[in-house]
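Topology and contacts: notes
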Amino acid sequence: SSGINAEYGVAEYIPARSPLTKHQCGADEAVSDYHKQIVDVANLILAEYRQRFGSSNDVTTTPDVTEGRKRALVFDLNSSGKYFAFKEQLKQSVVKIVREKFFKTSAFKTDGELQQFLSELYVFLIREMHKGVSGVFSLQTSTTPLPSPLDSKSLIHFAREAELNQNYELAARYYQERLAMDQGSSESWFDYGSFSLLVGNVSKAGECFRECLAIDQKCVTGLLMYGLVCLLEERHDVAETFFEDATCVDPTNYLAWTVLGLFYDSRDNDIGAEMAFIEANKHFKEEGSSIFLASGDTLLRLHAYSLVESALSHELLSSPKTLSQEYYLLLGKLHMATGELAEAESYVRQATVLNHTNPAAWALLGHILYLGNEMTGARDHYERTLSYQEPAPDTHSIRLRLASIYLQLQQYGAAKNMFLLACRDSPSCITWLGVGISCYRLGELKESEQALAEANILNNTDPEVWGYLSMVCLKTARKLEAEQSYKYAVRVGLKDEELLSEIRNTQREVGFGDAGF
């Protein structure tokens, strides 16, 4: 299939985009009722805002004041219980949508089926919520949008942070929320597809990459990753079509030619492979590296592990007798990603022998020890990494993990400082929660509450945030807020037995905090 017409080859496998069909009246009524409930709740929130801050439309209000008011309002709604009251008000209209729009009235047969349904429902409800709200407010007097922590850039950051903590359920939620904001974004579909590969959901990955290509047929990485999905599904002819199309779309892209060469080699097409590698080298500009190492590094970030393995094998065959530090680091990263920590550590230690002043090598060694639960060793390597003048790649993940180690080792002052550094550069619920916990352990209750409130604004369904808020309220003798926070912590799924036990012991000490007493 060499020399395939790019547009024709791709179009064959892209789903048709027919107009949406009109649903039955029952479905329309269910959606209309949902819009009505959204409008009602929006007006209630507006009333809460006016009661707290007045109804004057002061155009001189600064962005800082606006942001402060927004945070105060969100915290008030959460701590007073009104947030959950509003959620209950919306529940019945959501049930109607499930029955009338999605025709779902029976139980799910598998957990995968349930998760797929929840994902589709979530995207639909978010989209319809925006439609409902857009009819309520007229922002004609405003020339700039209100600041929001939940823009696309923040959501992808939160998602990758959740991945780092291996909280894949939370990561999936952020990816879905990002898609709900803009389903026409090929980048959002691509990122969700790459995440789906990470968690082993190849069929979902294929669906996402197809959507990416439906929006942008000339997305080279989208073509390559959909080709990889076809390869994993053993649809080799289709995979070949997409790999070749990628080189047609961008004939100067060394990654596309390298992947095509690796594919040809796996199919014993030696002449095709040699030709593809010659083309890749023709367009490769990085000094001190190779097409196999540079491509492998990119493919590793996209969780295309089988192609990374092939790239490393070719590097081994084509490189001189002395392998580079970059080779050993990439080999270590691959073994770390696939859970083979002992092998990963061995290869990275070989890399540190070749160059003991490279902060990236010590950071990687820290990550491997961290995943192996060797916290003291991980701490030492992370501290060494941060001591270098030259910054290591992805300093945020190093700070986040080092701060969590400090917490585990009860070095609360160091934990607070490291979490604050992370908050300064890349604030998130996780970083502010870390500050909140550190301050709580240091007895700095006011600062702890401020940090936890910030975390709550960025994610008001994190059970640990509610758990620690309850502890702060118990320590500061605020009975109602302690009970409410504890109730929400349990409701949103607090499972940390140590924290639950500590909360209950403190409740018994002070004599309040659980409405069930």
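Everything numeric in this text was worked out from a predicted model, so none of it was measured.

Rules behind the numbers
- Residues numbered from 1 in each chain as written.
- Predicted model: local features only at pLDDT ≥ 70, side-chain atom pairs only at ≥ 80, totals over all residues.
- Heavy atoms only, no water.
- Helix = DSSP H or I, 4+ residues; strand = E, 2+ residues; numbered from the N terminus.
- Buried < 20%, exposed > 50% of the residue type's maximum accessible area, 1.4 Å probe, protein only.
- Contact = heavy atoms within 4.5 Å.
- Areas by Shrake-Rupley, 256 points an atom, 1.4 Å probe, with all protein chains shown as cover.
- Core = buried A, V, L, I, M, F, W, Y, C linked by side-chain atoms within 4.5 Å.
- Salt bridge = Lys/Arg side-chain N within 4 Å of Asp/Glu carboxyl O.
- Phe/Tyr/Trp six-rings, centres within 6.5 Å; stacked < 30°, edge-to-face > 60°.
- Axes fitted to C-alpha atoms, helices over the stretch in contact; angles between N-to-C directions.
- Parallel < 35°, antiparallel > 145°, perpendicular 65-115°, else oblique.
- Left-handed = near helix turned anticlockwise from the far one by under 90°.
- Nonpolar A, V, L, I, M, F, W, Y, C, P; charged D, E, K, R; others polar.
- Expected span 1.5 Å × (residues − 1).
- pLDDT = per-residue confidence, 0-100.

When helices and strands are tallied, the protein shows 26 helices and zero strands. Counting across all 517 residues of the protein, residues that qualify as buried make up 46%. When contacts within the protein are restricted to residue pairs at least 6 apart in sequence, those whose partners lie at least 24 apart make up 59%. Surface accessibility of the protein: about 26,200 Å² in total, with carbon and sulfur atoms responsible for 52%.

Looking now at the side chain of glutamate 449. Here glutamate 449 is to be found in helix H23 (residues 445–458). Under the relative-accessibility criterion, glutamate 449 is labelled buried at 18%. Look past the residues within four positions of glutamate 449 in its chain and what remains in contact with it is Phe75, Leu469, Val472 and Arg478.

For the rest of this paragraph, the subject is the nonpolar core. Among the nonpolar cores identified, the biggest contains 129 residues, and Phe209, Leu224, Met225, Phe243 and Leu312 are the most heavily contacted of them. Ranked by size, the runner-up nonpolar core spans 15 residues in total, among them Leu73, Leu90, Ile97 and Phe117.

Moving on, we come to the pattern of salt bridges. This structure, assessed with the given rule, holds 20 salt bridges. Where arginine 178 meets glutamate 187, a salt bridge forms, and the shortest distance between an N and an O atom there is 3.9 Å. Accessibility expressed as a relative area gives 4% for arginine 178, which makes it buried. Here the salt bridges do not stand alone but share partners, grouping Arg160, Arg178, Glu187 and Asp191 into one network.

Moving on, we come to unusual backbone geometry. The phi angle at glutamine 166 is positive, at roughly 60°, despite the residue not being glycine. Of note, glutamine 166 is situated in the loop between helix H6 (152–164) and helix H7 (168–181). Of note, the phi angle at histidine 303 is positive, near 65°, even though the residue is not glycine. Mapped onto the fold, histidine 303 is located in the loop between helix H14 (291–301) and helix H15 (305–318). We classify histidine 303 as buried; its relative accessible area is 15%.

For the structure on display, the rule yields 14 aromatic pairs. Consider the rings of tyrosine 168 and phenylalanine 195, whose centres lie 6.4 Å apart with planes at 55°: the pair is tilted. Of this pair, tyrosine 168 sits in helix H7 while phenylalanine 195 sits in helix H8 (residues 186–198), and the two are 27 residues apart along the sequence. According to the relative accessible area criterion, tyrosine 168 is partly exposed, its value standing at 31%. Of the residues examined, phenylalanine 195 reaches a relative accessible area of 4% and is grouped as buried. A ring pair is formed by tyrosine 226 and phenylalanine 242, whose centres lie 4.8 Å apart and whose planes are at 65°; its orientation type is edge-to-face.

Working note: a packed helix pair is described by the angle between its axes plus the distance between those axes. Where H14 contacts H15, the two axes come as close as 9 Å, and the packing angle between them is 165°. With respect to their mutual orientation, H14 and H15 come out roughly antiparallel. The hand of the H14/H15 crossing is left-handed. Each of Phe292, Leu293, Gly296, Leu299 and Leu300 in H14 lies in contact with H15, whose residues at this interface are Tyr305, Leu307, Val308, Ala311, Leu312, His314, Glu315 and Ser318. Taken together, the residues of the contact of H14 with H15 break down into nine nonpolar, three polar and one charged.

Before going further, it helps to examine H6. Over its 13 residues, H6 extends 18 Å from the first C-alpha to the last, a length consistent with the 18 Å expected when each residue adds 1.5 Å. Ser154, Leu155, Ile156, Phe158, Ala159, Glu161, Ala162 and Glu163 are the residues of H6 that are buried. Buried residues along H6 sit in contact with H7, H8, helix H20 (395–408), helix H22 (429–441) and H23. Glutamine 166, located one to two residues past H6, shows a positive phi value of around 60°.

Attention now goes to the confidence of the model for the protein. Averaged over all residues, the pLDDT of the protein equals 86, while 89% of them reach at least 70. Low confidence marks residues 1–18, where pLDDT is under 50. Its contacts with residues over four positions away, or in another chain, come to 30 contacts. Within the model, pLDDT remains below 50 along residues 20–25, and this stretch shows three contacts once partners closer than five positions in the same chain are excluded.

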